[in-house]
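Coordinates in review
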Amino acid sequence: MTNTWQDIKNANVVVVMGGNAAEAHPCGFKWVIEAKIENGAKLVVVDPRFTRTASVADYYAPIRPGTDIAFLNGVIHYLLEKDAIQHEYVRAYTNASLIVKDGFGFQDGLFSGYNEEKHSYDKSSWDYELDKDGYAQSDDSWQHPRCVINLLRQHVSRYTPEMVSRICGTPQDKFLHVCELFASTAAPDKAMTSLFALGWTQHSVGAQNIRNMAMVQLLLGNIGVAGGGMNALRGHSNIQGLTDVGLLSNQMPGYLTLPNDRETSFDEYMKTKLYKPLRAGQTSYWQNYRKFVVSLQKALFADAATKDNDWAYDWLPKLDVPLYDIIRAFEMMNNGQMNGYICQGFNPLQAFPDRGKIRRGLGKLKFLVTMDPLDTETSRFWQDFGPQNPAKSAEIQTEVFQLPTTCFAEENGSLVNSARWLQWHWKAADAPGEAKSDIWIMTGIFQRLRELYRKEGGAFPDPVLGMSWKYTDPREPDPEELAKEMNGRALTDLIDPATNAVVTKAGTLLDGFAQLRDDGSTASGCWIFSGCFTEKGNQMARRDASDPREQGIAPNWAWAWPANRRILYNRASADPDGKPWNPAKPVISWNGSKWVGIDVPDYGPTVKPSDGVGPFIMNAEGMGRLFARDLMAEGPFPEHYEPLESPVENVLHPKVSSNPVARVFADDRASFGSPKQFPYVATTYRLTEHFHYWTKHALINAILQPEEFIEIGEVLAKEKGIEQGGWVKVSSKRGEVICKAYVTKRIKPMTVDGKPTHVIGVPIHWGFTGQARKGYGANTLTPSVGDANTQTPEFKAFLVNVERTTAPAA
Amino acid sequence: MSELQSQDYVRISATTMTPPMARSHEDQVAKLIDVSRCIGCKACQSACMEWNDLRPEIGHFEGSYENPADLGPSVWTLMKFAEHENEQGNLEWLIRKDGCMHCEDPGCLKACPAPGAIVQYANGIVDFISDKCIGCGYCVKGCPFNIPRISKQDHKSYKCTLCSDRVSVGLEPACVKACPTGAIMFGAKTDMQQQAQLRIVELKTRGFENAGLYDPQEVGGTHVMYVLHHADKPSLYSGLPDKPRISATVDLWKGFIKPLGLAGIALAALAGFFHWISAGPNEVTEEDEAEGERVLREGEEKLS
Amino acid sequence: MSRPKNAIVRYTLANRVNHWITAICFVLLVLSGLSMFHPMLFFLSGLFGGGQWTRAVHPWIGVVLLVSYLGLIVQFWRENLLNRDDAAWMKSIDAVIVNDEEHTPPVGRNNAGQKLVFWSMTLLIPVLFFSGLTLWEVYFGSATSIPVQRAAALIHSLAALAAIIIWIVHVYAAIWVRHSVRAMTQGYVTPGWAWRHHRKWLLELAQHGKQDGAIVSTRKPRT
């Protein structure tokens with residue numbers, strides 16, 4: 001989230017698209033209700049199904065799964081046509097006026113620089129025209145044909161309401177009404193908040209879906225303001241923390257990039273990281289990148305990381321592919337390239353696409369370690385559970401080690417919520433049986449491996465042997481110790497170069513990342529967490545709920561990264577002169593000498609408005625990007641690409657129907673179905689009653705939603721002779737699920753490109769372990785393909801067939 | 001829940017006595033369910049199960065999000081989901097938390113034959129006192145809302161207690177505490193009525209012209225009330241009765257037939273008694289015996 | 001069993017056993033039923049071990065009663081068929097009531113009052129049984145709709161009241177008409193009793209002798 005949960009109450013319009021906030025985030029959804037009741041907000045829901053969120057919405061519009069970009073580009077088309085944008089904001093705070101390179105272009109579904117063989121782009125033309133000083137050229141009059149706003153106008157010109165309706169199946173009047181509601185927040189004192197989740201990420205164009213809405217929000221002037229923002233509602237506790245500390249295969253803690261194998265030296269690596277400002281006088285925060293990396297290396301390797309060995313840069317792993325995501329991991333397992341697998345708090349057999357492929361992959365492993373508080377399906381993949389898991393145990397040689405772990409309530413620690421708050425929690429109960437904390441288990445594995453490396457050497461023992469491990473109890477580091485390590489401390493006395501005075505004594509916990517240095521004098525395990533555990537104590541454990549303006553910002557409740565800032569880009573909440581756009585809901589403002597307000601400024605605290613520094617200080621041009629430069633795999637503007645499995649061809653450019661840079665493994669491509677065989681669009685999702693595959697182990701949740709089912713519209717059900725609550729077989733090219741049918745008015749057939757299109761809803765929560773009734777799991781059906789940027793699987797749009805059937809064999 | 005609260009009883013089932021009156025000054029309470037901000041998450045259902053230690057069986061999917069499929073001895077509250085297409089052709093998904101309405105004039109209490117098995121406290125809560133319940137199921141027939149359910153295991157009747165145990169120590173009912181959107185509120189009935197008016201005004205500004213409060217006077221008002229967007233058609237909400245009233249049949253059965261019946265029985269007995277002391281027994285006389293003997297003798301002779 | 005000379009068997013052992021099973025059931029049903037009918041009589045449930053037991057046992061007794069009464073119907077239906085004498089008897093009910101045998105027309109084995117009791121019960125017991133079934137929560141609680149159950153409850157109580165009043169008349173008549181009770185306990189009546197109350201029956205017996213189970217016991221007691 002750029003904003004906070006509480007801040008939602010400040011919105012005038014709440015749009016839930018690409019998510020189902022009421023069902024997936026019922027507790028946080030109270031702030032939407034608050035916005036409606038206290039702020040007169042309108043709630044808009046755009047979703048293939050009429051969800052529980054839609055049940056309390058002021059306006060609902062249906063959309064075919066996987067066509068959000070067509071919808072949102074249509075919104076941009078509408079806003080530009082009707083001139084319903086916040087002009088002053090767009091001019092001052094976005095890159096609308098910057099001029100794009102001459103070579104940039106878009107034709108027949110492809111941007112300039114496409115390499116058909118590699119399924120990737122040479123992105124060199126996706127950039128600004130620079131002047132002789134290396135600054136981006138601009139045309140504030142917006143007359144230049146290649147200034148961003150005009151290129152955008154041209155790009156979205158195809159997304160007329162007729163086209164949107166043709167692609168998305170959304171009736172034109174409904175689409176236009178949604179546009180009107182969005183446009184109402186172009187007024188400087190009005191804000192719209194976008195609440196989204198996996199409904200946008202789990203597509204082959206997931207990142208572009210989100211980016212598309214971010215562009216809408218920039219045009220409406222809704223980023224950085226109270227009641228605005230792009231608010232990703234994170235589903236999993238602690239998934240925000242997981243990404244923050246870099247548990248993705250291409251990242252290091254604090255969103256630092258893991259080096260690739262072309263970056264053979266630290267200098268080479270840093271070359272592409274120290275973004276130079278693209279505007280005169282602009283702050284570019286990534287100038288500090290080196291400080292973050294060096295401090296991380298000092299935290300990892302302590303004294304072994306020195307200036308002379310480039311801070312042990314060579315000890316970092318180097319990627320030979322863009323990322324080792326899970327889809328790739330299972331591809332490698334199936335190819336015999338990966339022989340051991342450690343599943344920590346992860347249940348891929350249920351949670352990842354194409355269960356058949358996952359099961360086959362697990363069966364080829366030499367060993368599988370699962371660490372989980374629950375008896376997961378993955379741990380039992382080798383056992384025959386009937387049609388729901390028809391494994392032939394005798395043929396599987398994988399040795400499975402099932403290690404029971406503690407649950408969050410059985411240990412101290414912090415969780416990061418969607419609003420980036422690190423909230424400390426305290427152990428409430430002892431763990432049952434032989435369960436041990438993840439820290440204890442991981443430490444045990446580490447220590448034993450290190451011992452083996454010490455005794456036997458090995459290919460590259462240095463990073464393992466050189467790892468710093470100075471904890472009070474080296475067998476089980478204390479969560480507080482780890483938190484302090486992430487916060488960081490001064491390793492030597494820190495001296496102010498101007499006065500030569502010692503500003504921070506050696507050993508002191510740091511107050512924030514501003515104190516980090518690139519000379520090895522500071523260590524910080526996760527620079528964005530710096531400030532969470534200072535000499536003043538555990539900031540995450542703070543529980544002061546006072547909210548000075550009753551505006552949803554309680555600065556002394558827990559601690560938010562970065563720097564306890566609650567609303568990102570909050571400089572943009574004020575106009576160029578520093579006066580709040582919405583005087584009724586100010587976040588920060590310029591008082592003549594400094595920035596003051598209810599939040600920590602996302603800006604130099606004393607940088608004058610007249611200095612003209614852009615508010616988006618993480619970007620080299622200081623502006624919100626309507627044109628993404630080279631940061632996205634598919635192109636600098638979002639373009640509608642059909643899901644990999646789609647009932648129709650892309651009407652905009654049939655030759656480039658789906659994402660041209662999607663990575664698809666050959667055997668995965670072979671398992672895509674055609675609309676002839678599998679004529680219906682399916683989408684998977686969660687229900688309030690359950691949390692992923694966990695709560696089916698909990699009796700009350702199992703009672704509240706006991707059995708696997710799909711949702712099917714009345715028209716299709718009638719056509720197929722499917723009865724309410726009767727048995728159906730849903731099949732894709734990859735497998736079949738036999739479950740109950742919920743025949744509902746909440747899914748209606750849509751007219752897509754003139755043809756009726758039916759959507760089938762597949763809730764995900766069941767499996768063959770736990771208390772609820774045995775089920776197959778939705779991912780029996782889903783395709784193994786991910787978003788081109790993140791490789792998040794396309795769970796939300798694929799093709800199936802559905803037939804009436806009888807109960808599966810017991 | 002316990003005899004400790006017996007002085008709070010203002011209504012007691014199957015009694016001809018006057019309930020204790022000395023302490024009936026307590027504020028009436030009410031639970032207000034604002035259907036317009038309910039998201040059907042079932043937090044109330046799970047809180048009810050948690051607080052009251054209720055664990056019904058794991059059921060089946062039966063064609064709706066309603067689970068368990070019905071109220072039961074271990075299911076005291078249940079989210080009901082109704083898919084409704086309005087006049088404009090737009091879908092509305094009307095979600096209502098079902099459970100005991102805690103009528104001011106409770107039909108269950110009226111029908112109950114077991115003294116003290118159903119009581120109403122001064123605060124308006126209607127409670128089933130299990131150790132006095134005989135499991136006859138009359139409360140089921142008395143209830144205009146189809147709420148009580150009889151357990152097949154222990155043959156007791158069960159329903160929502162409005163967490164009378166929590167309320168008696170100043171806590172809100174468990175469902176109220178758990179509701180994430182504030183759709184369930186609890187307090188003095190007059191406060192809840194005011195709160196409802198605010199909500200109704202707001203709903204009318206959103207185009208729900210018929211928004212209103214459901215506090216049916218036919219049962220003397222209820223201590224569980226709903227804010228409905230369509231207060232003109234309560235039955236849209238999974239069959240919430242438009243005009244709930246204690247059935248005339250029950251009224252008759254539990255009304256004047258009871259005294260009349262007893263009187264009839266007593267009258268019959270008395271009539272016999274007075275007949276006895278007036279007309280006296282009908283005795284066989286010696287003449288009768290002689291006549292009888294004679295007839296028999298003559299008959300025998302004739303036959304032989 | 002010692003019997004006086006010339007005793008006439010009015011009820012066979014089978015008749016009597018059947019009657020008393022019915023009677024015991026009926027009394028138990030009245031007690032348990034009334035305890036659930038009016039709060040002032042709830043104390044009667046104590047006779048059955050409390051309210052729960054009363055509720056549990058009442059329908060089962062009802063089942064026994066029904067079966068038992070079916071037996072009575074089989075045994076007695078023929079002799080309770082109405083005839084002309086019944087009309088005459090009913091017309092002289094004033095005389096009947098004041099023990100004025102002179103003005104009471106002679107009747108056969110059963111008088112109209114007895115027949116009325118028989119047929120009323122024959123009607124009421126099935127009504128009570130079937131309305132009771134719908135109220136039998138444990139087994140049939142969900143077999144019928146609640147409005148049906150409400151109507152059944154009303155019908156059950158009205159029918160029960162009628163049955164109780166008829167039963168009171170029946171019991172009182174047995175006490176009032178002396179030695180009737182003995183007919184149902186020991187099975188016999190004296191010729192005088194038969195002469196006084198069921199003259200046509202006696203005459204018939206005298207005419208036909210040992211017949212139809214209505215047996216004259218002469219000097220030799222029948223074995």
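Note that the coordinates shown come from a computational prediction; the quantities given were computed from them, not determined experimentally.

Cut-offs and rules
Residues numbered from 1 in each chain as written. Chains lettered and ligands numbered in written order. Predicted model: local features only at pLDDT ≥ 70, side-chain atom pairs only at ≥ 80, totals over all residues. Helix = DSSP H or I, 4+ residues; strand = E, 2+ residues; numbered from the N terminus. Rg over C-alpha atoms; globule rule 2.2 N^0.38 Å. Buried ≥ 20, exposed ≤ 12 C-beta atoms within 10 Å, placed from the backbone. Contact = placed C-beta atoms within 7 Å. Arc of directions from axis to C-beta. Domains from an automatic or database assignment. pLDDT = per-residue confidence, 0-100. Nonpolar A, V, L, I, M, F, W, Y, C, P; charged D, E, K, R; others polar. Core = buried A, V, L, I, M, F, W, Y, C linked by C-beta atoms within 7 Å. Pairing = 2+ DSSP bridges. Axes fitted to C-alpha atoms, helices over the stretch in contact; angles between N-to-C directions. Parallel < 35°, antiparallel > 145°, perpendicular 65-115°, else oblique. Left-handed = near helix turned anticlockwise from the far one by under 90°.

A few words now on the overall build of chain A. From N to C terminus, chain A includes 21 helices and 33 strands. Taking 810 residues into account, the globule formula puts the C-alpha radius of gyration at 28 Å, and chain A, at 26 Å, falls close to it. Each principal axis of the C-alpha atoms in chain A carries an extent, and together these give about 80 × 70 × 55 Å. Counting only residues that meet the buried cut, chain A has 54% of its 810 residues in that class. Contacts in chain A between residues far apart in sequence, at least 24 positions, make up 71% of those at least 6 positions apart.

With that settled, consider the overall build of chain B. Along the backbone of chain B there are nine helices and 11 strands. Over its C-alpha trace chain B gives a radius of gyration of 28 Å, far above what one expects of a compact globule, namely 19 Å for 304 residues. If you line up chain B on its principal axes, its C-alpha atoms span 105 × 50 × 35 Å. Residues classed as buried in chain B amount to 48% of the 304 residues present. A sequence separation of at least 24 residues applies to 61% of the contacts in chain B between residues at least 6 apart.

Our focus in this paragraph is the arrangement of the chains. Across the two pairs of chains that are in contact, the largest number of contacts falls between chains B and C. Nowhere do chain A and chain C come into contact; their C-alpha atoms are at least 22 Å apart.

Here we take up helix α5 (residues 148-156) of chain A. All names here are of chain A. Turning to α5, its buried residues number three or more, namely Val148, Ile149, Leu151, Leu152, His155 and Val156. All buried residues of α5 lie within an arc of 160° about the axis, which places them on one face of the element. Residues of α5 that are buried sit in contact with α3 (68-81) and β4 (106-107).

What follows covers the domain arrangement of chain B. Annotation of chain B at the domain level lists domain 1 (3-29 + 37-189) and domain 2 (257-303). One C-alpha centre belongs to domain 1 of chain B, the other to domain 2 of chain B; they are set 57 Å apart.

So, about the confidence of the model for chain B. The predicted model of chain B has a mean per-residue pLDDT of 94, with 97% of residues at 70 or higher. Across the predicted assembly, pTM comes out at 0.94 and ipTM at 0.95.

Here we take up the domain arrangement of chain A. All names here are of chain A. Under the domain assignment used here, chain A contains domain 1 (1-94 + 131-140 + 161-235 + 566-624), domain 2 (326-463) and domain 3 (654-804). Its C-alpha centre places domain 2 at a distance of 26 Å from the equivalent point of domain 3. The interface of domain 2 with domain 3 comprises 20 residues on the first partner and 24 residues on the second. At the level of elements, α13 (326-334), α14 (348-351) and α15 (355-363) are the ones that each hand at least two residues to the side of domain 2 that touches domain 3. At three residues, α15 tops the list of elements feeding residues into the side of domain 2 that touches domain 3. Partitioning the side of domain 2 that touches domain 3 into residue classes produces seven nonpolar, six polar and seven charged.

With 254 residues, the main nonpolar core has A:Val14, A:Val148 and B:Cys112 as its most contacted residues. If sequence neighbours within four positions are ignored, A:Val14 has contacts with A:Ile8, A:Val32, A:Ala35, A:Ala41, A:Leu43, A:Thr193 and A:Leu195. In this structure, A:Tyr685, A:Ile712, A:Leu716 and A:Ile747 belong to the second largest nonpolar core, which totals 33 residues.

Moving on, we get to the sheet that holds strand β32 (residues 759-763) of chain A. Residue and element names in this part refer to chain A. In space, the six strands of this closed barrel follow the order β26-β32-β27-β29-β28-β33, with mixed pairing throughout. In this sheet, neighbouring strand axes are inclined to one another by 45° on average, regardless of whether the strands run parallel or antiparallel. By the bridge criterion, three bridges tie strand β26 (residues 680-685) to strand β33 (residues 798-804) in an arrangement that is antiparallel. Bridging from a neighbouring strand, Tyr680 pairs with Val800 of β33.

Looking now at the interface of chain B and chain C. Listed per partner, the contact involves 47 residues of chain B and 48 residues of chain C. Element by element, the count of residues in the side of chain B that touches chain C is highest for helix α8 (residues 257-278) of chain B, at 11 residues. Residues that form the side of chain B that touches chain C fall into these classes: 23 nonpolar, 16 polar and eight charged.

Looking now at the interface of chain A and chain B. Residue-level contacts link 33 residues of chain A with 30 residues of chain B. Listed by contribution, the elements that provide at least two residues to the side of chain A that touches chain B are α2 (30-39), α20 (699-704) and β29 (735-744) of chain A. If one sorts the elements of the side of chain A that touches chain B by residue count, α20(A) sits on top with five residues. A class-by-class count of the residues in the side of chain A that touches chain B yields 17 nonpolar, seven polar and nine charged.

With that out of the way, let us pick up the environment of B:Ala174. Checked against the element boundaries, B:Ala174 lands in helix α5 (residues 174-178). For B:Ala174, a count of 21 C-beta atoms within 10 Å corresponds to the buried category.

What follows covers the environment of B:Lys110. All names here are of chain B. Mapped onto the elements, Lys110 comes out in helix α2 (residues 107-111). Distance in space between the C-alpha atoms of Lys110 and Ala14 is 7.5 Å, their sequence separation being 96 residues. Contacts of Lys110, omitting those with residues within four sequence positions, involve Gly142, Ile246, Val250 and Lys254.

Before going further, it helps to spend a moment on the packing of α3(A) against helix α7 (residues 172-183) of chain A. Residues and elements named next belong to chain A. In contact at an axis separation of 10 Å, α3 and α7 are set at 60° when each is read in the N-to-C sense. As far as their axial angle goes, α7 and α3 are oblique. Judged by the sense of rotation from one axis to the other, the crossing of α3 with α7 is right-handed. Contact residues: Gly74, Val75, Tyr78 and Leu79 in α3; Phe175, Cys179, Phe182 and Ala183 in α7. In terms of residue class, the contact of α3 with α7 is made up of seven nonpolar, one polar and no charged.

Whether parallel or antiparallel, the strands of a sheet pair through hydrogen bonds between backbone atoms. All names here are of chain B. The three strands are arranged β1-β5-β6 in an open sheet whose pairing can be described as antiparallel. Every interior strand has two partners, whereas the edge strands, β1 (9-12) and β6 (126-128), have only one. Ignoring strand direction, the axes of neighbouring strands in this sheet form an average angle of 30°.

The two faces of a sheet get side chains in turn, since along a regular strand they alternate between them. All names here are of chain A. Counting buried positions along strand β16 (residues 421-425) gives four out of five residues, so the element sits mostly inside the fold. Sheet topology places strand β15 (residues 413-416) next to β16; four bridges connect them, and they run antiparallel. Considered in β16, the bridge of Ser414 is made with Trp424. Between the antiparallel neighbours β15 and β16 lie four residues, among them Arg420 with a positive phi of about 70°. When β16 meets strand β23 (residues 559-560), the two strands line up antiparallel, connected through two bridges. Looking at the pairing, Leu422 lines up with Trp559 of β23.

All names here are of chain A. With their axes 9 Å apart at the nearest point, α3 and helix α6 (residues 161-168) run at an angle of 165° to one another. Judged on the interaxial angle alone, α6 and α3 are roughly antiparallel. Handedness of the crossing formed by α3 with α6: left-handed. From α3, Ala70, Phe71 and Gly74 reach across to α6, where they touch Pro161, Val164, Ile167 and Cys168. Partitioning the contact of α3 with α6 into residue classes produces six nonpolar, one polar and no charged.

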